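Here's the letter readout for the chains.
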Amino acid sequence: MEQPLLPSSRVEAHHDPAPKKQSRRSWRQAPPEEIVLGLSYLMGTSLFQLPMENINGNPVPTVIFGGRPTIFHAFVIGICASVCGAVGAFELRRRDPKLAGYYRRFAVGAMALTLSVLLGAALTDAFRWVRVWGPPGGHRLTCAA
């Protein structure tokens, strides 16, 4: 007769007739640093898909940041800062929750500034297109009095 490898040789299998549903977290329940990291990742990887132009040896996307490398560099620095804050919050979440909270606030603030830079660049680019494709001769509508 063989000897068991474990002290308890008898293992009982318990079968639950009703399988439990896996709990799915909504994006609203996710911690802010996870949302910030996801958005930063999406924005950073989407930059590689945009057509670029070289301005003073620096590649700048032509779609939103065309001709404005300073605004594009501010956008990239904002993405980097938000990623750093989110990763810091991840790493310190269990060890030092108070410090992780500061990193979380930094990440959310950097993401807010980054999105405001993107929105400002998109709006000015949209108005530039309106000016280019506007009525010929720049006619203004006037009231006949």
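Below, the structure is looked at part by part. (Residues numbered from 1 in each chain as written. Predicted model: local features only at pLDDT ≥ 70, side-chain atom pairs only at ≥ 80, totals over all residues. Heavy atoms only, no water.)

The next subject is the overall build of the protein chain. Assigned secondary structure in the protein chain consists of three helices and two strands. Burial analysis of the protein chain (145 residues in total) assigns 22% to the buried set. Within the protein chain, residue pairs in contact and separated by at least 24 positions form 57% of the contacts whose partners lie at least 6 positions apart. Accessible area for the protein chain stands at about 11900 Å²; split by element, carbon and sulfur atoms hold 63% of it. (Helix = DSSP H or I, 4+ residues; strand = E, 2+ residues; numbered from the N terminus. Buried < 20%, exposed > 50% of the residue type's maximum accessible area, 1.4 Å probe, protein only. Contact = heavy atoms within 4.5 Å. Areas by Shrake-Rupley, 256 points an atom, 1.4 Å probe, with all protein chains shown as cover.)

Under the counting rule described, the total for this entry stands at three salt bridges. Glu33 serves as the salt-bridge partner of Arg104, at 2.6 Å between the closest nitrogen and oxygen. On the criterion of sequence distance, the pair formed by Arg104 in helix α3 (residues 97–132) and Glu33 in helix α1 (residues 32–46) is long-range, its members being 71 residues apart. Overall, the relative accessible area of 24% leaves Arg104 in the partly exposed class. Between Arg93 and Glu34 there is a salt bridge, and its shortest N-O distance comes to 3.9 Å. Placement of the pair is Arg93 in the loop between α2 (69–92) and α3 and Glu34 in helix α1, with a sequence separation of 59 residues. Here Arg93 falls in the partly exposed class, since its relative accessible area comes to 28%. (Salt bridge = Lys/Arg side-chain N within 4 Å of Asp/Glu carboxyl O.)

The end-to-end C-alpha distance of α2, which contains 24 residues, comes to 35 Å, matching closely the 34 Å that a straight helix rising 1.5 Å per residue would cover. Burial in α2 covers these residues: Pro69, Phe72, Phe75, Gly78, Ile79, Ser82, Gly85, Ala86, Gly88, Ala89 and Leu92. (Expected span 1.5 Å × (residues − 1).)

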